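Listed below are the residues making up each chain.
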Protein chains: 2
Amino acid sequence: MEEIKIHFNPDHVEVVVPKGENLLRAAMRAGVHINASCGGEGVCGKCRVIIDKGEVESEQTEKLTPEDHALGIRQACKTKVISDLEITIPIESRMDYKVIDKERPKTGSWQVISEIKIEDLIVEGKFQPPIEKKYIEIDPPTMVDNVSDLTRMIRTLKKVYGIHNLMIDFNTIKKLSSVLRQGEWNVTVTIGNPSNPLKKERRTQIINIEPGDTTGNNYALAVDIGTTTIWGQLLNLNNGEILAQQVEYNAQISYGEDVISRIIYAQKTEGQEKMKDLVVSTINKIIHQLLKKNQVPLEDINFITLAGNTTMTHLFLGLEARYIRETPYTPPMNYVPPIRAKELGIDLGEHVQVFLFPSIASYVGGDIVAGVLGSGMYRQNKLTLFIDLGTNGEIVIGNSDWMTCAACSAGPAFEGGGIKHGMRASKGAIEDFNINPETFEPMILTVGMVKPKGICGSGLINIVAGLMEACVLEQNGKFKTGLKTDRIREGADGMEYVLAWAANTQIGRDIVITEVDIDNLIRAKGAMYAGYMTLLNEVGLTMNDLEQVIIAGGFGNYMNIERSITIGLLPDLPLEKFKFIGNGSLLGARLICFSNLLKLDVKKIFSKTTNIELSENTHFMDNYIAALFLPHTDKNLFPRVYERVSCRERNLGYKSN
Amino acid sequence: MEEIKIHFNPDHVEVVVPKGENLLRAAMRAGVHINASCGGEGVCGKCRVIIDKGEVESEQTEKLTPEDHALGIRQACKTKVISDLEITIPIESRMDYKVIDKERPKTGSWQVISEIKIEDLIVEGKFQPPIEKKYIEIDPPTMVDNVSDLTRMIRTLKKVYGIHNLMIDFNTIKKLSSVLRQGEWNVTVTIGNPSNPLKKERRTQIINIEPGDTTGNNYALAVDIGTTTIWGQLLNLNNGEILAQQVEYNAQISYGEDVISRIIYAQKTEGQEKMKDLVVSTINKIIHQLLKKNQVPLEDINFITLAGNTTMTHLFLGLEARYIRETPYTPPMNYVPPIRAKELGIDLGEHVQVFLFPSIASYVGGDIVAGVLGSGMYRQNKLTLFIDLGTNGEIVIGNSDWMTCAACSAGPAFEGGGIKHGMRASKGAIEDFNINPETFEPMILTVGMVKPKGICGSGLINIVAGLMEACVLEQNGKFKTGLKTDRIREGADGMEYVLAWAANTQIGRDIVITEVDIDNLIRAKGAMYAGYMTLLNEVGLTMNDLEQVIIAGGFGNYMNIERSITIGLLPDLPLEKFKFIGNGSLLGARLICFSNLLKLDVKKIFSKTTNIELSENTHFMDNYIAALFLPHTDKNLFPRVYERVSCRERNLGYKSN
């Protein structure tokens, strides 16, 4: 992707963005404030900038006169960057305070890294998909050599490929004779490799046979069964390529947004069956879309891996999920044996087996195991904190020697739940925010750059951090009083800040953030932070011992690291220690499709990771109470944040509690 | 069983029979001729005997006057022996020639021996059924110990019974949580043992879980899938007991009597499905009868083994059987992987797996492998000939070092096929025969001792041997000419001997044996004998090297060893070298239910036995031609028979060719 350098005047701030990026987003990333209150739709007309040098693509908007246009004035929200630029923010659009550290790492899905990459697997000789195809030319039978068709085939596989200890699937036996003759004794055998090649006794499974040479067609599917969305990828097992990706809302969503409400529904008459059918139908829908899109016939899919949290896994398998919810939270199972996809209702060939990631505990599921696998933390010496943020934030701490994990009941704040104008990260959700610390006017960006409808999780973090940094918010989460702005006011739920006036919204009402919202966020981030602290306490370590923080989950992609540190959601560590892996669950599922050997690593992760029940942990409550502050009651835990905030305190009269 | 000694006068022949035996049968076994031409129904009135001493149970028949009765005269066919007896055969009933050697071993199902017995397995520590039940009391979960239900159960199994490497069946996982709670954490786990305990990597499979202690209820089924009949046995896996046995005609029989006609039917549209459904329905019928009879609930059956010939096995599995029939006779498969009984349509629990005996070749099937297992020949040093007689006579020669096998297309003569008055061994079939060498009058016995309807396979052997011994038949199978009897005559198919006059039969026609019938028998026995010869030739051995002959198959139970030697069907070896094992297929199937370790022996037998296609073998045809004689063209192969026959030759003017 071509990169564009933008120089913002008069702050002399530079940022590098991909060609085609929106200029308002680029400014937001650079930490350059431009007033913008319509989310980027172009209707407020406040984000005027002057293009001093370079090429942009920009609509001639009605908010600009022809004279403005001739002077190089553009609306930032309607401008795409084409070449390196010099931009001046005119006085009326600008703030004179650089809010965000330039060193903030880039976010956004294109920077997602994976610690275990296909290229690495190839180099390490570990690119060994669980399913391989072998073409063989078999000597036809004669009266002096009339062993059974099966023996004949196995004999050839042994001779040509040196494969021993073969087992054959009954479904393959069923068609063996006719396929051998149809292919005139030249056939392609699909084999499932044993997961542990070190153990010679493990059997190689013959799972399919086709006439002729079909070795070129060998595909698999990786699926992440999320509570909200289900992701699927179509993979080429011959070369490690991701051919396509598809996402659908989990059809269970109509019966409850979180796992608890799904479990409750599943306890009703036929509820369990219903939940299973819904998730299976969503997966089937994704499969059919992927196949259609890529014109891959169904019978060429030879494997499927799935990862999901413990509840999703149980509901998908049609297992009773109630004990996940009831104390002492024991899931029926962690590990499932290999099952036929067909048996689970998945629309794939008779021969396709399912690999399902094991769950560690009721609230640390296969999605986390998959994420840990993808992150590679289990095979590094570095002490790592792995975080997957959602309604339940799951955390794993450890390295190649040991790992502990826990689930933090963060509540739904990160998904926009329990927030007055909270919403999912869909079109119209405010996802980014800056505030002019003098005028207290906001700069907001919405998903899809349309008029705002509400606030999503990442937006919430950015808003609270922005309010903190502008010294509008006290450390206890209350608005500072006596500021000269009509944006801070007494609302129905107490004090609130107006993010967008009714006229600039899609909902026709003012969009606000209230002290109650902020309190919910504090409790959510407090639970997460208390989780890290408690796991570290358990092994006698501290935050400073952490050498790496890996953030997984779709939400992570949109999280602003520094602002998450600012509010106390992430530990105050140098930014280079943070890494995103995106959808870790999908990543792990994909890796298994490309390297059968990693199944052993899954087992390792599963058996090495100790789950700690935070609700029963005596330290957790203390850590939680201590974390109910912005960023934290203990200054020493957030030295960099306090340094930034206190310097502003001096400048702006911000008072620490 | 109480034994009764009978002394026959005036021949001073003694025989020991079980109490309650029929006197005519006892005489037949003793080789004492009593004229009897109605098969034992009592209507010809010719079998009069005098009870000199001892107690009998005998009907007052209309063929006897009160005076006769007072003199101790009884009809032998209507008399049961109660105590030791002295019997005189009156002149009108008797023949003065002792036909059969007294040393002839007993036949009949009560003498069936098995080389591998349950008692031996117990002594050898090999009584280890593939399925065991383990009762465990599990600690209920708490907040500090809330591992999954599955882990909790496995942990307890490890701790209490030291069982490692456990795998669990998905069907068991499905009910795990509810059963654990229903049993208040006290449950019985049904486990499937790995077949090879020497390989520690092999997994022990958890296949079922029940609340409470149900260890007392652990049953299995052994099934022999015969072409004609299907046998089932209900077995108690806790103590090795056979609880019940059931037999039904294979419902496929309506579509053809032999495997070839079944294969042809299976090639028709939906024929394969039909054949499968029929055999499965017969098996299900047997299962339901066995369970009902013994009041064992279906869910207590935990295992089933089946053995059948290659065609029966393929049709049962729903596999294409046509290649078994077409040259070069390659069956689709030999070995099948473990399959769920349910998947095959067998009415048993979800958790029940099937063990099917592997076939060695298209015409040496799992029934033979099971028989060889049951015979124990594969683990003895003795050079053994194993014979299973039927339409296809299968033979195995070898010992613990090596084995070869072959199928002889004997044709249907042993089952009464291709014989003018041939029939199955059912009620009214002539099964035993003697002839008075002076009067040429017959003594016939029928199955069920009713008026004769026809001749069964064992009867045919006995008739031909009897005719030979009485010098009525030449060695080339032609009747001697010029004998003074109206029983030998020119019939529609050439010369024939009248076994029963029309009035004494159920069919209202004379029942005869023709030279064509005899020719068919000669070809059938010739094929068998040529088979033994050819297999021995292959390894450079001769008949005299044979140390043991094991006869399997239901037919074997009714075979008279010496007379089978007389006609040249069995090799001329001392009688003590012959052993019966009855239904070897059922025996082998049963043994596997009681000793999982024997699965390894099955594998050994399977991989060690070399099949030889006789139809392609250059020696076979020579051996066959040489054997088309009574007993054989080579006198040296049947010294004892020639000695017996030639001594009579001197007495009676019999001329050797």
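The structure displayed is predicted, hence computed values, not measured ones.

Looking only at helices and strands, chain A features 18 helices and 29 strands. Against the globule reference of 26 Å for 657 residues, chain A gives a C-alpha radius of gyration of 28 Å, in line with a compact fold. The principal-axis extent of the C-alpha atoms belonging to chain A is close to 100 × 65 × 50 Å. When burial is assessed residue by residue, chain A has 52% of its 657 residues classed as buried. In chain A, of all internal contacts separated by at least 6 residues, the share reaching a separation of at least 24 is 69%.

Residue and element names in this part refer to chain A. The share of residues in chain A with pLDDT of 70 or more is 93%, and the mean pLDDT across the chain is 88. Per-element confidence in chain A is highest for strand β12 (residues 219-225), whose mean pLDDT is 98, and lowest for helix α18 (residues 639-652), whose mean pLDDT is 68. Taken as a whole, residues 95-112 scores under 50 in pLDDT and shows 37 contacts with residues more than four places along the chain or in a different chain. Segment residues 647-657 is flagged for pLDDT under 50; beyond a separation of four residues in sequence, or across chains, it makes 16 contacts in the model.

So, about helix α4 (residues 149-161) of chain B. Residue and element names in this part refer to chain B. The terminal C-alpha atoms of α4 lie 18 Å apart, and with 13 residues this matches the ideal 18 Å at 1.5 Å per residue to within 8%. For α4, the complete set of buried residues consists of Asp 149, Leu 150, Arg 152, Met 153, Ile 154 and Leu 157. Buried residues in α4 make contact with β8 (131-137), β9 (166-168), α5 (170-182) and β10 (186-192).

Turning to the environment of Asn 171 of chain B, a few remarks are in order. Residues and elements named next belong to chain B. Checked against the element boundaries, Asn 171 lands in helix α5. The spatial distance from the C-alpha of Asn 171 to the C-alpha of Asn 208 is 7.9 Å, given a sequence separation of 37 residues. Those residues in contact with Asn 171 that sit more than four places away from it in its chain are Glu 350 and His 351.

Quick look at the relation of the copies chain A and chain B now. Each copy of the sequence occupies a distinct position, and chain A is placed on chain B by a rotation of 180 degrees and an axial shift of 0.0 Å, giving an RMSD of 0.2 Å. Taken together, the turn and the small shift mark the pair as related by a two-fold rotation axis. Of the residues that chain A buries at the interface, 97% are likewise interface residues in chain B, meaning the two copies contact each other through the same surface.

Moving on, we come to the interface of chain A and chain B. Often, the extent of an interface is quoted as the loss of accessible area on bringing the components together. Contacts between the two partners involve 39 residues from chain A and, on the opposite side, 38 residues from chain B. Looking at the side of chain A that touches chain B, the element that brings in the most residues is helix α5 (residues 170-182) of chain A, giving six residues. When the residues that make up the side of chain A that touches chain B are grouped by side-chain class, the tally is 20 nonpolar, ten polar and nine charged.

Once that is clear, we can look at unusual backbone geometry. Residues and elements named next belong to chain B. Look at the link from Thr 327 to Pro 328: it is a cis peptide, with omega at 0 degrees. Tracing the sequence through the fold places Pro 328 in the loop between α9 (322-325) and β16 (339-340). The residue Glu 184 is not glycine, and still its phi comes out positive at about 50 degrees. For Glu 184, the position within the fold is in the loop between α5 and β10.

Residues and elements named next belong to chain A. Of all eight residues in strand β15 (residues 301-308), eight are buried, a share of seventy percent or more. Looking at chain direction, β12 and β15 are connected through seven bridges and run parallel. Considered in β15, the bridge of Asp 224 is made with Ala 307. Note: β15 against strand β17 (residues 353-356), four bridges, orientation parallel. Within the sheet, the bridge partner assigned to Phe 303 lies in β17 and is Gln 353.

Let's shift gears to the sheet that holds strand β10 (residues 186-192) of chain A. All names here are of chain A. The sheet built from four strands is open, its strands ordered β8-β10-β11-β9 with mixed pairing. Of all strands in the sheet, those with a lone pairing partner are β8 (131-137) and β9 (166-168), marking the two edges. Strand-to-strand twist in this sheet, taken as the mean axis angle between neighbours without regard to direction, amounts to 40 degrees. Of the strand pairs in this sheet, β10 and strand β11 (residues 204-211) are connected by six bridges, and their pairing is antiparallel. Paired with Thr 190 across the strands is Asn 208, a residue of β11.

Soluble globular proteins: nonpolar side chains tend toward being buried together. If you look at the biggest cluster of nonpolar residues, it comprises 198 residues, and the most contacted ones within it are Ala 220, Ile 304, Ile 395 and Val 464 of chain A. Among the elements that line this core, the one with the most residues is helix α12 (residues 515-538) of chain A, at twelve residues. In this structure, Ile 173 of chain A together with Ala 27, Val 32 and Cys 471 of chain B belong to the second largest nonpolar core, which totals 197 residues.

What follows covers the domain arrangement of chain A. Residue and element names in this part refer to chain A. One can read the domain layout of chain A as domain 1 (3-98), domain 2 (130-211), domain 3 (221-368), domain 4 (376-412 + 521-652) and domain 5 (413-513). One C-alpha centre belongs to domain 3, the other to domain 4; they are set 26 Å apart. Each side of the interface is counted separately: domain 3 has 23 residues, and domain 4 has 21 residues. Contributions of two or more residues to the side of domain 3 that touches domain 4 are made by β12, β13 (229-236), β15 and α10 (366-375).

Residues and elements named next belong to chain B. Read from one edge to the other, the open sheet built from three strands follows the order β24-β25-β26, with strand pairing classed as antiparallel. Strands with a single pairing partner mark the edges of an open sheet, and in this sheet they are β24 (488-491) and β26 (511-514). Averaged over neighbouring strand pairs, the angle between their axes works out to 45 degrees when direction is ignored. Here strand β25 (residues 494-500) runs beside β26; their pairing, made up of four bridges, is antiparallel. Of the residues in β26, the one forming a bridge with Ala 500 is Ile 511. Sheet contacts for helix α12 (residues 515-538): β25 and β26; angle to β26, the most-contacted strand, approximately 55 degrees.

All names here are of chain A. The alternating pattern of β17 places Gln 353 and Phe 355 on one face and Val 354 and Leu 356 on the opposite face, and all of these are buried. Two strands pair when backbone bridges link them, and strand β16 (residues 339-340) and β17 are joined in this way by two bridges, in the antiparallel orientation. The partner of Ile 339 across the bridge, within β17, is Val 354.

Residues and elements named next belong to chain A. Structurally, Met 423 can be placed in the loop between β20 (403-409) and β21 (429-435). The exposure class assigned to Met 423 is buried, which follows from the 21 C-beta atoms found within 10 Å. Separated by 34 residues in sequence, Met 423 and Gly 457 place their C-alpha atoms 7.8 Å apart. Here Met 423 is in contact with Gly 416, Ala 429, Lys 453, Gly 454, Ile 455 and Cys 456, once residues within four sequence places are set aside.

Reading the values: the criteria
- Residues numbered from 1 in each chain as written.
- Chains lettered and ligands numbered in written order.
- Predicted model: local features only at pLDDT ≥ 70, side-chain atom pairs only at ≥ 80, totals over all residues.
- Helix = DSSP H or I, 4+ residues; strand = E, 2+ residues; numbered from the N terminus.
- Rg over C-alpha atoms; globule rule 2.2 N^0.38 Å.
- Buried ≥ 20, exposed ≤ 12 C-beta atoms within 10 Å, placed from the backbone.
- Contact = placed C-beta atoms within 7 Å.
- pLDDT = per-residue confidence, 0-100.
- Expected span 1.5 Å × (residues − 1).
- Least-squares fit on C-alpha atoms with pLDDT ≥ 70 in both.
- Nonpolar A, V, L, I, M, F, W, Y, C, P; charged D, E, K, R; others polar.
- Pairing = 2+ DSSP bridges.
- Axes fitted to C-alpha atoms, helices over the stretch in contact; angles between N-to-C directions.
- Core = buried A, V, L, I, M, F, W, Y, C linked by C-beta atoms within 7 Å.
- Domains from an automatic or database assignment.

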